[in-house]
Amino acid sequence: MFRRRQLPTRYRLLLFFLFGGLLMATTPAFSQDAEEVIPEDAPIPLVIFNLASVESLMTDIDYMFKTINRPDMTDVVKGILGTANDLGGLDRKKPLGVMLFMKPGVVPTFAPVAYLPTDKLTTLIETMELGPVQASRVAGQTDRYELTTRGQTLELKLDNGYSLISNDIDLLDSELPSPTTLTRSMSAKYDLAISADITAVPEAMRNLFLDLLRAQSEAQLQQRDDEPKAQYEARRAAGMNNLDNLEAVLRDGQRFTIGFNASPEEQAILIDLSLDVTADSTLGENLKSFAGAKSRFTPLIDNRVPMIISASFNATEKDQKVWKTFVESGREMLVNPENVEFDAFDAPMVDRIADSLKATIDTGKIDAFLKFEGQPPNPFVLIGGIQTRNTEALATGLVQVGQELDRRIDETKGSFDINYETHRGMAIHRFTAANSSRWDRRTYGGPPSVHVGAGFGALWFAVGGEDSVSVLGDAIDEVLQPKETDTVVQSTAPFHFVLNFGQWFGLPEDEERRRGRAFRERAKEAFSDGGDQLKFELRPTENGVRWHIRLDEGFIRLIGSGITSQYDRNQI
């Protein structure tokens, strides 16, 4: 038995996080690299939580504090690690983490195995004993130890440069796959990765789970008392569609991975969420065809505005059917007196709108955009559009429904102005609510109005003050302006979202709201030098689909300043 040296409580908590967290973590993960080197009878982990290396983590920590001109905080972290034996015994250049295995049986059980790269076992044991761990060598073995931590007994086995730690002795005695092989691709791409092998769940267990989920869903999707039929059909269609999508992932999915990387080269935090599926499956084919043609709204895609969302993708036949159910349910809610508490609308006027929407869905392509424009501290304007079919009928329906709403709306709730303005012959209608929220007044500079029009093959809208109509008109002109083919910028992804946080913090402060002001000031400071952009893109890959998120350096400064502020307060 090694002699234990006591550390202050906060340092032992740090060690408990580093080692105890690795021993007990059960966060879903997966990686599979070079399958041919893994023995066929070797158990494959259901999940893996992987840190590329202690060295990469320290590089990220150093980078974070340098962005806020506090390199002294890196010395603080190194000082804490120094009192913890400087994590002696760990190979700082190799991956470490936890593998979670599913054990066979009627009722599934799970066994975690921590893997720690070890350059000197005796030193690693000494380091672990600084925390809430007691170690004793297993009789007759030089590379096997029994560990006791907080009432739990574990065993450590040294295997090819890794200390494997688990409370499942039988699993530890089996021929486990090499952590180096399993995590090679993850460690090369990400500082931290969490990944799950869907195929590691037995098919019978997946089917049992789906059967239970279907039974539960059927019970929840029954028509409720006093629930209008049209509303029930829309809710049921949405619920069954979600269930079908989950079933497709469990049936055809292979692995799901979340990867995090702090990149000094790109001055950003990069996050990937990827789903790999069977190539020749229905889900695989649907994902391959997800990316559609270039959006007609591409000229309006500007990543410098406060916020923009663009979507141009192909919809599956199943999705089209569900969306048409929503449209039909909405139609029924408006025209069927049994479904509404107010006077029903005349069917022909509603049908013009519904038929246009259904014809749009029938094209199998969704093409739309939404964005805020403006320069703080001036107010913002929200504009958007969606490509439509039978747009003339849609325009007529909007006029008729608008006239009916104008007749019905109580003046105390707002006003509806038909043909409030025109642009290139397209009628634009305005609705103004009598009341507005503090968020509306701060964002739009006062009570906003909603402007809607249909023309030029699209449904257009704008929300804001008096300038919103002219901003929408400029957007329409930009889309309609002829452009040389080679100057048109292609849309970056089927789904594209950008949010520039600094511009939102540049809006006038809400004097009535006091909560969160400390964070607001810290965020304004972090974003004052730029680097405030959050970018999200969804696109198909060769094997499935990937969600890519990029957080610019301002977010790293924000995280670093939050940690530093907390540390400085504790030193007072």
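Reference entry: report on the structure contained in this document. Numbers given to residues run from 1 along each chain, matching the order in which its sequence is written. Totals for whole chains, interfaces and linings use every residue, but because this is a predicted model, local features are given only for residues with pLDDT of at least 70 and side-chain atom pairs only at 80 or more, for both listing and counting. Excluded from the side-chain calculations are hydrogens and water; all other atoms, namely the structure's heavy atoms, are used.

**Remarks on the overall build of the chain**
Secondary structure assignment for the chain yields 17 helices and 20 strands. Relative accessible area decides the class of each residue, using a 1.4 Å probe on protein chains only: under 20% of the type maximum gives buried, over 50% gives exposed, and in between gives partly exposed. Put simply, the chain has 572 residues, and 46% of those count as buried. It only takes one pair of heavy atoms within 4.5 Å for two residues to be counted as in contact. Partitioning the intrachain contacts of the chain with sequence separation of at least 6 by distance along the chain shows that 66% fall at a separation of at least 24. Note on areas: Shrake-Rupley, 1.4 Å probe, and residue coverage restricted to the protein chains presented here. Summed over all atoms, the accessible surface of the chain reaches about 29400 Å², with 52% contributed by carbon and sulfur. To qualify as a helix, a DSSP run of H or I must reach at least 4 residues; to qualify as a strand, a run of E must reach at least 2; elements of each kind are numbered from the N terminus.

**Some thoughts on the side chain of Asn50**
Here Asn50 lies in strand β1 (residues 47-51). A relative accessible area of 1% places Asn50 in the buried class. We call two N or O atoms a polar contact when they sit within 3.5 Å, provided that within protein one can donate a hydrogen and the other can accept it, with sequence-adjacent residues counted only if both atoms are side-chain atoms. Of the polar contacts made by the side chain of Asn50, one reaches the side chain of Tyr115; its length is 2.7 Å. A polar contact of 3.0 Å, which involves the side chain of Asn50, links it to the side chain of Ser187.

**Re the packing of aromatic side chains**
Any pair of Phe, Tyr and Trp rings, taking the six-membered ring for Trp, is counted once the centres come within 6.5 Å. Such a pair is stacked with planes under 30 degrees apart, edge-to-face with planes over 60 apart, and tilted for the rest. The final tally for this structure, using the stated rule, is 18 aromatic pairs. For the ring pair Phe501 and Phe555, a centre distance of 5.2 Å and an interplane angle of 85 degrees mean the geometry is edge-to-face. Linking Phe501 in helix α15 (residues 501-505) with Phe555 in helix α17 (residues 553-571), this pair joins segments that are 54 residues apart in sequence. An aromatic cluster is present here, built from Phe372, Phe380, Trp439, Tyr444 and Trp504 joined pairwise through their rings. We note Arg408 situated over the ring of Phe345; from NZ or CZ to the ring centre the distance is 4.2 Å. Two limits define a charge over a ring: the Lys NZ or Arg CZ must be within 6 Å of the ring centre, and within 35 degrees of the ring normal.

**Brief notes about the pairing of strand β18 (residues 495-500)**
Each regular strand displays side chains that alternate between the two surfaces of the sheet. For β18, a buried count of 5 out of 6 residues is recorded, marking the element as mostly surrounded by other parts of the structure. Of the strand pairs in this sheet, strand β11 (residues 307-314) and β18 are connected by 5 bridges, and their pairing is antiparallel. Looking across to β18, one finds that Ala311 is bridged to Phe495. By the convention used here, strands pair only if DSSP detects at least 2 bridges between them. In the sheet, β18 pairs with strand β19 (residues 533-540) via 6 bridges, with the strands oriented antiparallel. Its bridge partner lying in β19, Phe497 is registered against Phe536.

**Side note on the pattern of salt bridges**
Salt bridge, as used here, is a side-chain nitrogen of Lys or Arg placed within 4 Å of a carboxyl oxygen of Asp or Glu. Within this structure, the stated rule accounts for 31 salt bridges. Among the salt bridges present, the one from Asp211 reaches Arg214, with a minimum N-O distance of 2.8 Å. Of this pair, Asp211 and Arg214 are both found in helix α7 (residues 203-220), 3 residues apart, which corresponds to roughly one turn of the helix. We classify Asp211 as partly exposed; its relative accessible area is 44%. For Arg214, a relative accessible area of 28% puts it in the partly exposed group. Among the salt bridges present, the one from Glu553 reaches Arg557, with a minimum N-O distance of 3.3 Å. Residue Glu553 and its partner Arg557 are located together in helix α17, separated by 4 residues, close to a single helical turn. What you see here is one network of salt bridges that share partners, running through Glu328, Arg331, Glu332, Asp351 and Lys358.

**Thoughts on unusual backbone geometry**
For the peptide bond that leads from Pro376 to Pro377, omega is 10 degrees, which places it in the cis range. For Pro377, the position within the fold is in the loop between β12 (365-373) and β13 (381-387). Here Leu87, not a glycine, exhibits a phi torsion of approximately 55 degrees, which is positive. Along the polypeptide, Leu87 turns up in the loop between α3 (72-83) and β2 (96-103). Given the relative accessible area of 5%, Leu87 is considered buried.

**Some words on the packing of helix α11 (residues 347-362) against helix α12 (residues 391-408)**
Look at α11 against α12: their axes get within 8 Å of each other, and the N-to-C directions meet at 140 degrees. Compared by their axis directions, α11 and α12 come out oblique. The element α11 and its partner α12 pack so that their crossing is left-handed. Each of Met349, Arg352, Ile353 and Ser356 in α11 lies in contact with α12, whose residues at this interface are Ala393, Leu394, Thr396, Gly397, Leu398, Gln400, Val401 and Glu404. Partitioned by chemical class, the residues of the contact of α11 with α12 number 6 nonpolar, 4 polar and 2 charged. Every axis in this analysis is a line fitted to C-alpha atoms, fitted for helices over the stretch in contact. Angles between the N-to-C directions lie between 0 and 180 degrees. Should an angle fall under 35 degrees it is called roughly parallel, over 145 degrees roughly antiparallel, and 65 to 115 degrees roughly perpendicular, with every other angle called oblique. Left-handed describes a crossing whose near helix is turned anticlockwise from the far helix through less than a right angle; right-handed describes the clockwise counterpart. Residues are grouped as follows: Ala, Val, Leu, Ile, Met, Phe, Trp, Tyr, Cys and Pro are nonpolar; Asp, Glu, Lys and Arg are charged; every other residue, Gly included, is polar.

**What about helix α6 (residues 179-189)?**
Helical geometry: 3.6 residues make up each α-helical turn, so side chains three or four residues apart lie on a common side. Taken residue by residue, α6 has Pro179, Thr181, Leu182, Thr183 and Met186 as its buried positions. Residues of α6 that are buried in the fold lie against β1, β2, β3 (109-117), β7 (162-166) and β8 (192-197). Its side-chain oxygen at 3.2 Å from the backbone nitrogen of Thr180, Ser178 defines the N-terminal cap of α6.

**Quick word on the nonpolar core**
Core analysis: the biggest nonpolar cluster contains 63 residues, and Leu147, Leu156 and Ile165 have the highest contact counts within it. Here the element with the most residues in this core is helix α2 (residues 54-66); it accounts for 6 residues. Take the buried residues of types Ala, Val, Leu, Ile, Met, Phe, Trp, Tyr and Cys, join any two whose side-chain atoms come within 4.5 Å, and each joined set is a nonpolar core. Judged by nonpolar contacts, the second largest core, of 16 residues, contains Phe369, Ile428, Val469 and Ile476.

**Description of the packing of α2 against α3**
Each pair of packed helices can be summarised by the angle the axes make with each other and by the distance between the axes. Look at α2 against α3: their axes get within 8 Å of each other, and the N-to-C directions meet at 145 degrees. Facing α2, whose interface residues are Met58, Ile61, Asp62 and Phe65, α3 presents Met73, Thr74, Val77, Lys78 and Leu81. A class-by-class count of the residues in the contact of α2 with α3 yields 6 nonpolar, 1 polar and 2 charged.

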